[in-house]
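Letter by letter, the chains look like this.
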Amino acid sequence: MEFVVEADGGSRGNPGPAGYGAVVLDAGTGETLAERAEYLGVATNNVAEYRGLLAGLQAARELAPDADDSVRVHVRMDSKLVVEQMSGRWKIKHPDLRPLAMQAAAVFPPSRVTYEWIPRAQNKHADRLANEAMDAGARGEQWSPSASTADLDPRAGRERAQSSVPEPSGPPGDAAAGAAKARAALAGARPSAVAETAKAEADLRAARNVASTGPAPDLGTPATFVLLRHGETPLTPEKRFSGSGGSDPSLSGIGRHQAERVAAALAARGTVQAVASSPLARCRQTAGIVAARLGLGVRVEDGLRETDFGAWEGLTFAEVRERHPEDLNAWLASQDAEPTGGGESFAAVARRVAATRDELVTAYKGRTVLLVTHVTPIKTLVRLALGAPPESLFRMELSAASLSAVAYYGDGNASVRLLNDTSHLR
């Protein structure tokens, strides 16, 4: 049995609403044997691409559950990253991608799976499935095969499959020559073309073996965000909701002292090259103290402001539970729920923060920038970098004047390097 798996994934925001699509074709006839698609919620492009690969391989496995030794699978994707990493030529650095790659590699014996990069124009079936999944997610639904329009012209599928017959998994020699001879015979090629094709295949395989042991590509210096939660305000010790929709409290005496301690610690490190701040007073004051110590200016970014907590502003969690229990339960259960009185949902905050992150990553490419902001934006940046579910926001502790850090690489991946460090305050 020979299958062709075509897979794709996408994210509208990177990270943002994401989905994947995958199709399994009969390698000989081009017949569509299985389709898979799913809306993933908020994720990165690369995570969505890997999820598409995994779904396609699992669909192929379902078609041949007991045929490890006879099944060959040829994967075609327009993600250079996934193809190169799964082929062993690039290292997998990002922690979100490693478990997905391991799961994909375990579906079939690695010797039975080959990978090929193709242009996006040749991956229309899987691409359309991924977009259908994202469209369904935007409607609050999951993708349904009955509503799919992704199936392409069977002739096109046949041409795609036949042009992608996997190469033999053994060493160059008789196997390569035999495969080349079969292809040449199908194409009506002259005998000399057989030998030329066999040699080309042997050379390509030898090059791949060399490349697989080489270094990973240099993605350059990442843009690094050092994330500083502002110092204490009078509301902080009482654990009251303090967002962007109520009063705009200033730092307390303790908060100003905390900012001075952060400034001294960052000055000693000497790595921060720029400072950006939420427009709210407590952040601008914290940023001003730190920036003055570092000899830098402060860029104010509206996208870094805290959530608008609506009618909950200034209340404790217990007070909100008593006054608005149904609204609070909905807010804890869904990222789309808003606080009472027209506050801001976590989903809205995530979109705002992600857009600001993308702008700053571009503006500070290869540099280290201090972002002085609030609990929700910092937790959101960490969550998005990890590809963690929305409920993870409730599972992170973030102290006043704490430092966290996330690095953003040229391939779109992110790496969390620090979370809730308060050592400079002790």
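Keep in mind that this is a model prediction, so the values were computed, not measured.

**Student:** When you look at the sheet that holds strand β10 (residues 403-408) in this model, what are you seeing that I'm missing?
**Tutor:** In a beta sheet, neighbouring strands pair by backbone hydrogen bonds and run either parallel or antiparallel. Across the sheet, 6 strands lie side by side as β8-β7-β9-β6-β10-β11; this open sheet has mixed pairing. The sheet terminates laterally at β8 (299-300) and β11 (414-421), the two strands that pair on one side only. Of the pairings in the sheet, the one linking β10 to β11 comprises 5 bridges and is antiparallel in character. When the bridges of β11 are listed, Leu-403 appears paired with Asp-421. Across the sheet, helix α13 (residues 375-386) touches β6 (223-229), β9 (368-373), β10 and β11, and the angle it forms with β6 is around 145°.

**Student:** So what exactly am I meant to see when it comes to the sheet that holds strand β1 (residues 2-11) here?
**Tutor:** Taking strand neighbours across the sheet as the criterion, the 5 strands line up as β3-β2-β1-β4-β5 in an open arrangement whose pairing is mixed. Of all strands in the sheet, those with a lone pairing partner are β3 (32-43) and β5 (113-117), marking the two edges. Across this sheet, the average inter-strand angle for adjacent strands is 20°, counted without regard to direction. Here 5 bridges tie strand β4 (residues 72-77) to β5, and the two strands are oriented parallel to one another. Looking at β5, one finds that Val-75 is bridged to Tyr-115. Against the sheet, helix α1 (residues 45-63) contacts β1, β2 (16-26), β3, β4 and β5, and its axis sits at roughly 155° relative to β1. Helix-sheet contacts for helix α4 (residues 124-138) involve β1, β2 and β3, and the interaxial angle to β2 is about 140°.

**Student:** Explanation requested: the UniProt feature "binding site: substrate" (unreviewed entry) in the protein in the structure shown.
**Tutor:** Mapped onto this numbering, the UniProt entry gives "binding site: substrate" (unreviewed entry) at Arg-282. Looking at where Arg-282 falls in the secondary structure, it is placed in helix α9 (residues 281-294). Taking the relative accessible area as the measure of exposure, Arg-282 reaches 1% and is therefore buried. Beyond its immediate chain neighbours, meaning those up to four positions away, Arg-282 contacts His-230, Thr-233, Ser-242, Gly-243, Asp-248, Pro-249, Leu-251, Glu-306 and His-374.

**Student:** Help me understand the pattern of salt bridges, please; the structure alone is not making it clear to me.
**Tutor:** Pairing between side chains becomes possible if they bear opposite charge and their charged atoms approach one another. Enumeration according to the criterion identifies 18 salt bridges in this entry. The salt bridge partner of Glu-2 is Arg-72, with a shortest N-O separation of 3.4 Å. Placement of Glu-2 in strand β1 and of Arg-72 in strand β4 is noted, with a sequence separation of 70 residues between them. Classification of Glu-2 by relative accessible area gives partly exposed; the value is 31%. In this structure, Arg-269 and Asp-421 form a salt bridge, with 3.7 Å as the shortest nitrogen-oxygen distance. Of this pair, Arg-269 sits in helix α8 (residues 253-269) while Asp-421 sits in strand β11, and the two are 152 residues apart along the sequence. One network of salt bridges, in which partners are shared, links Glu-6, Arg-76 and Glu-116.

**Student:** How should the packing of aromatic side chains be read in this particular structure?
**Tutor:** Think of a pair of aromatic rings as described by two things: how far the centres are apart, and how the planes are tilted against each other in angle. Enumeration over the complete set of coordinates arrives at 9 aromatic pairs. With centroids separated by 5.7 Å and ring planes inclined at 70°, the aromatic side chains of Phe-346 and Phe-394 adopt a geometry described as edge-to-face. Taken together, the positions of Phe-346 in helix α12 (residues 346-363) and Phe-394 in the loop between α13 and β10 put the pair 48 residues apart, joining distant regions of the chain.

**Student:** I tried to follow the packing of α8 against α9 on my own but got confused; where do I start?
**Tutor:** In a packed pair of helices, the relevant descriptors are the angle between the two axes and the axis-to-axis distance. Where α8 contacts α9, the axes come no closer than 9 Å and their chain directions differ by 35°. Crossing handedness for the pair α8 and α9: right-handed. Only Thr-286, Ile-289, Val-290, Arg-293 and Leu-294 of α9 make contact with α8, whose side of the interface consists of Arg-256, Ala-259, Glu-260, Val-262, Ala-263, Ala-264, Leu-266 and Ala-267.

**Student:** Got a minute to help me understand the confidence of the model for the protein in this structure?
**Tutor:** Caution is warranted with low-pLDDT regions, since their predicted coordinates should not be read in detail. Across the protein, the average pLDDT comes to 83, with 82% of residues at or above 70. Across the protein, element-level confidence peaks in β9 with a mean pLDDT of 97 and bottoms out in helix α6 (residues 174-187) with 37. Below pLDDT 50 for its whole length, residues 152-158 participates in 8 contacts with residues either more than four positions away or in separate chains. Low confidence marks residues 164-218, where pLDDT is under 50. Its contacts with residues over four positions away, or in another chain, come to 50 contacts.

**Student:** What am I meant to see in the environment of Ala-60 here?
**Tutor:** Looking at the secondary structure, you find Ala-60 in helix α1. On the basis of relative accessible area, Ala-60 is assigned to the buried category, the value being 0%. Separated by 12 residues in the primary sequence, Ala-60 and Arg-72 place their C-alpha atoms 9.8 Å from one another. When neighbours within four sequence positions are excluded, Ala-60 is seen to be in contact with Phe-3, Val-5, Val-24 and Phe-108.

Calculation notes
- Residues numbered from 1 in each chain as written.
- Predicted model: local features only at pLDDT ≥ 70, side-chain atom pairs only at ≥ 80, totals over all residues.
- Heavy atoms only, no water.
- Pairing = 2+ DSSP bridges.
- Helix = DSSP H or I, 4+ residues; strand = E, 2+ residues; numbered from the N terminus.
- Contact = heavy atoms within 4.5 Å.
- Axes fitted to C-alpha atoms, helices over the stretch in contact; angles between N-to-C directions.
- UniProt positions renumbered as here; feature names shortened; annotations may be inferred.
- Buried < 20%, exposed > 50% of the residue type's maximum accessible area, 1.4 Å probe, protein only.
- Salt bridge = Lys/Arg side-chain N within 4 Å of Asp/Glu carboxyl O.
- Phe/Tyr/Trp six-rings, centres within 6.5 Å; stacked < 30°, edge-to-face > 60°.
- Left-handed = near helix turned anticlockwise from the far one by under 90°.
- pLDDT = per-residue confidence, 0-100.

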